[in-house]
Amino acid sequence: MPDTQPNLAKPATAPTAPTAAATAPTEQITIRVQDFNAWYGAYHALHNITLNIPSQRVTSLIGPSGCGKSTFLRWINRMNDLVPNARADGVMQLDQDDVLDRAFDVVELRRRVGMVFQKPNPFPKSIYENIAFGPRLHKRFHHSDLDALVEQSLRAAAIWDEVKDRLHNSALGLSGGQQQRLCIARAIAVGPEVLLMDEPCSALDPRSTASVEALIRELRQTFTIVVVTHNMQQAARVSDLTAFFFEGKLVEAGPTDGMFTNPKNKQTEDYVTGRFG
Amino acid sequence: MSGISLRTKRILKNRAFLALCLFSTSATILILALLLMSIMVQGSHFLFSSEALSAVFGHGELSQVTKIIRWEFLSNFASRFPEKAGIYAAVIGSLWVCVICALLALPLGIGTAIYLEEFAPKNRWTALIDFNIRNLAGVPSIVYGILGLTAFTRMFGLFGSDKNSALSFGPDNAWWHIQLPFGQGLLAGGLTLMLVVLPIVIISSREALRAVPSSLRQASLAIGATPWQTASKITLPAAIPSILTGAILAMSRAMGEAAPLLVLGIPVFIANTPDNLNDNFTVLPFQIFNWAGRPQESFHQLAASAIVVLLVVLVCFNGVAVYLRQKLRKPLA
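Residues numbered from 1 in each chain as written. Chains lettered and ligands numbered in written order. Predicted model: local features only at pLDDT ≥ 70, side-chain atom pairs only at ≥ 80, totals over all residues. Heavy atoms only, no water.

Overview of helix α11 (residues 284–292) of chain B
So, step 1. Restricting attention to buried positions, one finds in α11(B) the residues B:L284, B:P285, B:F286, B:Q287, B:I288 and B:W291.
So, step 2. Where the residues of α11(B) are buried, they touch α3 (72–75), α4 (88–119), α9 (227–255), α10 (259–264) and α12 (297–328) of chain B. (Buried < 20%, exposed > 50% of the residue type's maximum accessible area, 1.4 Å probe, protein only. Helix = DSSP H or I, 4+ residues; strand = E, 2+ residues; numbered from the N terminus. Contact = heavy atoms within 4.5 Å.)

A short note on the interface of chain A and chain B
Buried accessible area, meaning the area lost when the parts come together, often serves as the stated size of an interface.
So, step 1. Contact with chain A, which involves 22 residues of that partner, is made by 18 residues of chain B.
So, step 2. Both sides of the chain A and chain B interface together cover about 1700 Å² of buried area, and 70% of this is carbon and sulfur.
So, step 3. Linking chain A with chain B are 0 salt bridges, by the criterion used here.
So, step 4. Within the residue set of the side of chain A that touches chain B, elements represented by two or more residues are α3 (106–112), β6 (113–116) and α4 (127–138) of chain A.
So, step 5. Take the side of chain A that touches chain B: its biggest share by element is 4 residues, from α4(A).
So, step 6. When the residues that make up the side of chain A that touches chain B are grouped by side-chain class, the tally is 13 nonpolar, 4 polar and 5 charged. (Buried area = accessible area lost by both parts, 1.4 Å probe. Salt bridge = Lys/Arg side-chain N within 4 Å of Asp/Glu carboxyl O. Nonpolar A, V, L, I, M, F, W, Y, C, P; charged D, E, K, R; others polar.)

Details of the nonpolar core
As a rule of thumb, nonpolar side chains are buried together in soluble globular proteins.
So, step 1. With 60 residues, the main nonpolar core has B:F73, B:I87, B:F182, B:V197 and B:W291 as its most contacted residues.
So, step 2. Those elements that provide at least two residues to this core are α1 (6–47), α4, α6 (141–153), α7 (186–210), α9, α10, α11 and α12 of chain B.
So, step 3. Of all the elements, α7(B) adds the most residues to this core, at 13 residues.
So, step 4. A domain split of this core shows at least three residues from each of domain 1 (6–70) and domain 2 (80–328) of chain B.
So, step 5. A:V33, A:M79, A:L94 and A:V228 belong to the second-largest nonpolar core, a separate cluster that totals 35 residues. (Core = buried A, V, L, I, M, F, W, Y, C linked by side-chain atoms within 4.5 Å. Domains from an automatic or database assignment.)

Focus on the domain arrangement of chain B
All names here are of chain B.
So, step 1. Once the domains are mapped, chain B shows domain 1 (6–70) and domain 2 (80–328).
So, step 2. A C-alpha centroid distance of 32 Å is found between domain 1 and domain 2.
So, step 3. At the interface, 9 residues of domain 1 touch 13 residues of domain 2.
So, step 4. Here domain 1 meets domain 2 over a buried area of about 920 Å², counting both sides, of which 67% is carbon and sulfur.
So, step 5. The largest per-residue losses of area from domain 1 upon contact with domain 2 belong to I39, Q42 and F46, which jointly make up 58% of the total buried on that side.
So, step 6. Inspection of the domain 1/domain 2 interface yields 0 salt bridges.
So, step 7. In terms of residue class, the side of domain 1 that touches domain 2 is made up of 5 nonpolar, 3 polar and 1 charged.

Remarks on unusual backbone geometry
Residues and elements named next belong to chain A.
So, step 1. The backbone of Q56 sits at a positive phi, close to 50°, despite the residue not being glycine.
So, step 2. Mapped onto the elements of the fold, Q56 is located in the loop between β2 (43–54) and β3 (58–62).
So, step 3. Overall, Q56 belongs to the partly exposed group, its relative accessible area being 39%.

Next comes the structure, spelled out in structure tokens:
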């Protein structure tokens, strides 16, 4: 892939402005973002974002509505391709692959980068069929293994015990929190490296929220997780790293503890202490 | 202090409005009931056996009635003697033409709907197509008859005349025997009716697809499904019950059309059922139109009887549509 070669050199030479890789220097980076800009038509939604998202950590994106955090998330798996006049430039790499390269197969990208939406959106099919849908598309199993894969995914999403007796019932019969964990299991089933979560708990009640948050902390051992959230307590509870977006710019990024107790930036401090937003 | 309190006024107004609504509803139902009654009374002579009729209206014994429906009406061909006339050819013709119309219009219409709803870019070009389809749905069916006459019956005169056709495929006795131009044959009728129902099928299918929440499409795409996999495995299965309901209603429209076929010049008297796709045929609405236009009272009664049969068929169609809507439609989110 000749296109990606020049990009490889960039991160090393470019100034490492506010990056999230403020933890141990040996930290492995899964998603590398450098001077990333995004537009909707003429509207410049994201300005020069530079952010490294480390492997097997939870990174939360916070900021007031319209700050661009969801736009950022939706570029990582190119869901913004669905928006007619959305475009972006700069560097966004998943491992060594250039995500923004038009030639890069979005099907493969989305297999590697799973997504969980704000509102649980299980297919109007059985629980089993919901999980089996992805693996069947990607032929990611030997026939006898599909049952095992479904069980494994449901176990990983901490919902197996609740649904094992009704795998062939409609997924729409589950509660909101169960549906959301089912959606997480569905994303896991295709074997992604990264899970993107767009306000995964904002449509859930407090108990379901607690169960999904516990799951996110659990999944960090296996996946690189990026969570967009409006809820700062949630960011503090689940994430290792936090990135604060404001008006399309990345204001500050770093370990979550530091961000909430000792923010370097005044805007960040105002936001996390609830003075605006 | 006024004579009537504000509260009483409010209650009176409310009651008056309710009475008005009740009146309009019952007037509609009453007119419909009268219509059905008069058709039933007029048509009963040829629909029911004489013994059944005399048991109900005359002096016969109800217990001695062995045969209620006069099946000859359904199994006889048309005739110039009202007592011998039946609608066999028209029923068979209607079924043939309806099946042909469905086989042509449903794949085309549903395919168009899927393309426009799931794949087509939203630009000025597709907006124009959309606008035109909506307008076509409102075009009087007789206009499609003229198009059918030119395009299918005569084929713009490109292949000679109906009697002296330039091209034919298949042996004469095979059901799939086709010759060009189509003349007044089944294919010409089916294609013309396809023109009539195509906009309806497209619009109802698009609405069915649009009713599928976009969150399901997003979920499918986000898991790495291609747009085609998303349409075929998620969107279409979710929309199928509504699409089928719309398709059946469109077919019942095709079943009831006489005007476009009238323009094609299909014959009204036919002494045999169609053997192949090019064979002459007639349909129920056209048979009714013809009988109703004759001066003798007996033929008016025949027309009423045929109307009853047509209504029964259409009620069955709509019944299936309602059943599908109730039974197959599952919640989607």
